[in-house]
Amino acid sequence: MQQVKSGDTVKVHYTGTLEDGSVFDSSEGHDPLEFTVGSGQVIAGFDNAVTGMAIGEKKSVFIPCAEAYGEANSDLVMTVPQEQVPPDLKPEVGMLLEVGGANGEVLRVTVVEVSEEVIILDANPPLAGKDLTFALELVSIG
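Scoring rules and cut-offs
- The numbering scheme is per chain: residues are counted from 1 as the chain's sequence reads.
- Since the coordinates come from a predicted model, pLDDT governs what is reported: local features require at least 70, and pairs of side-chain atoms require 80 or more to be given and counted, while whole-chain, interface and lining totals use all residues.
- The basis for every side-chain value is the complete set of non-hydrogen atoms in the structure, without hydrogens or water.
- Each helix is a run of H or I in the DSSP string that is no shorter than four residues. Each strand is a run of E no shorter than two, and both are numbered from the N terminus.
- Radius of gyration: over C-alpha atoms. The globule rule applied is 2.2 Å multiplied by the number of residues raised to the 0.38 power.
- Contact criterion: two residues are considered in contact whenever any of their non-hydrogen atoms come within 4.5 Å of each other.
- Surface exposure here means Shrake-Rupley accessible area, sampled with a 1.4 Å probe, where a residue is shielded only by the protein chains that are shown.
- Under this rule, positive means Lys or Arg and negative means Asp or Glu; His and the chain ends count for nothing.
- The location of each charge is read from NZ of Lys, CZ of Arg, CG of Asp or CD of Glu.
- A pairing counts as a salt bridge when a side-chain nitrogen of Lys or Arg comes within 4 Å of a carboxyl oxygen of Asp or Glu.
- Pairing between strands is defined by DSSP: at least two bridges between them are needed.
- Angles here are taken between N-to-C directions and fall from 0 to 180 degrees, while the axes themselves are lines fitted to C-alpha atoms, restricted in helices to the stretch in contact.
- Two aromatic rings, drawn from Phe, Tyr or Trp (for Trp, its six-membered ring), form a pair once their centres lie within 6.5 Å of each other, and the interplanar angle then sorts them: stacked below 30 degrees, edge-to-face above 60, tilted otherwise.
- Throughout, nonpolar core names a set of buried Ala, Val, Leu, Ile, Met, Phe, Trp, Tyr and Cys residues whose side chains join them through atoms within 4.5 Å.
- Exposure is judged per residue with a 1.4 Å probe applied to protein chains only, and the accessible area is read against the type maximum: over 50% gives exposed, under 20% gives buried, and values in between give partly exposed.
- Residue-level confidence of the predictor is summarised by pLDDT, bounded by 0 at the bottom and 100 at the top.

**Student:** How should the overall build of the protein be read in this particular structure?
**Tutor:** For the protein, the helix and strand inventory stands at 1 helix and 9 strands. Computed over the C-alpha atoms, the radius of gyration of the protein is 19 Å, more than 25% above the 14 Å expected from 2.2 N^0.38 for a compact globule of 142 residues. Counting only C-alpha atoms, the protein reaches 65 × 35 × 25 Å along its principal axes. Within the protein, contacts between residues separated by at least 24 positions form 62% of all contacts whose residues are at least 6 apart in sequence. For the protein, the accessible area works out to roughly 8700 Å², and carbon and sulfur atoms hold 50% of it. Across the protein, the mean location of the 7 positive side-chain charges is 10 Å away from that of the 23 negative side-chain charges.

**Student:** Explain the pattern of salt bridges here, please?
**Tutor:** For side chains bearing opposite charge, pairing can occur when the charged atoms are close. One pass over the structure, following the stated rule, counts 1 salt bridge. Ionic pairing is found between Asp8 and Lys5, a salt bridge with its closest N-O pair at 3.1 Å.

**Student:** I'm lost on the sheet that holds strand S8 (residues 118-122) in this one. Help?
**Tutor:** Adjacent strands of a sheet form backbone hydrogen bonds with each other and so pair up, either parallel or antiparallel. Across the sheet, which stays open at both edges, the 4 strands sit in the order S5-S8-S7-S6 with antiparallel pairing between neighbours. Edge positions in the sheet fall to strand S5 (77-81) and strand S6 (96-100), since each has one partner strand and no second. Strand-to-strand twist across the sheet, computed as the mean angle between neighbouring axes with direction ignored, equals 45°.

**Student:** So what exactly am I meant to see when it comes to the packing of aromatic side chains here?
**Tutor:** Aromatic ring pairs are reported here in terms of the distance separating the ring centres and the angle at which the planes meet. Overall, the coordinates contain 5 aromatic pairs when judged by the stated rule. Feature note: the residues Tyr14, Phe24, Phe35, Phe46 and Phe134 constitute an aromatic cluster, connected by ring pairs.

**Student:** Is there a simple way to think about the nonpolar core in this case?
**Tutor:** Proteins that are soluble and globular tend to have nonpolar side chains buried together. Among the nonpolar cores identified, the biggest contains 21 residues, and Val10, Val12, Phe35, Phe46, Val50, Phe134 and Leu136 are the most heavily contacted of them. Sorting the residues of this core by element identifies strand S1 (9-17), helix H1 (44-50), strand S4 (58-63) and strand S9 (132-141) as the ones contributing at least two each. Examining the composition of this core, we find that 5 residues originate from one element, S9, more than from any other. Filtering out sequence-adjacent residues up to four positions away, Phe46 remains in contact with Val12, Tyr14, Leu33, Phe35, Ile63, Phe134 and Leu136. With 8 residues, the next largest nonpolar core counts Val109, Val111, Ile119 and Leu121 among its residues.

**Student:** Whenever I open this one, the confidence of the model for the protein confuses me. Can you help?
**Tutor:** Interpretation of the predicted coordinates at a detailed level should be avoided for regions scoring low in pLDDT. Summing up the model confidence of the protein, the mean pLDDT is 94 and the portion of residues at 70 or higher is 100%. Within the protein, S6 has the poorest average pLDDT of any element, 87, and S1 the best, 98.

**Student:** Sorry, what's going on with the environment of Arg108 here?
**Tutor:** By secondary structure assignment, the location of Arg108 is in strand S7 (residues 106-114). Placed 11 residues apart in sequence, Arg108 and Leu97 show a C-alpha to C-alpha distance of 5.8 Å. Non-local contacts of Arg108, meaning those with residues more than four positions away in its chain, are made with Leu97, Glu98, Asp122 and Ala123.

**Student:** When you look at the environment of Pro126 in this model, what are you seeing that I'm missing?
**Tutor:** Mapped onto the elements, Pro126 comes out in the loop between S8 and S9. A residue is classified by how much of its surface remains accessible, and Pro126, at 68% relative accessible area, is exposed. Expressed as a C-alpha distance, the spacing of Pro126 and Ser39, which sit 87 residues apart in the sequence, is 22 Å.

Below, the structure written as structure tokens:
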């Protein structure tokens, strides 16, 4: 029976949950996720979890934040004075924005706090600092 190894292109159905059991992502109702194992297309823990699986196999894996999106980095939290916010933008907590970084790159940020004086933006990945659990089903090895 063929098992997944690094370099294989695989298709996987998955459901990802947080520690409280809430679902943060799933392929249910969609095509399975296709990626090449070991290529960096998915988080390290996901790559490791599918390695050794056989077609049709199902399993549940716990991926600590270090093998997922890492710890949240306080250096990626920015405080912006309200006078620097474009007048047509009405920021709300949870809103996703794209802002220019110091080196000309585009950063995706989440508004985490809004006051009369400042808004606080977080450029950490939304799942940074979180342990993840995935229910996996290997669909194909190509």
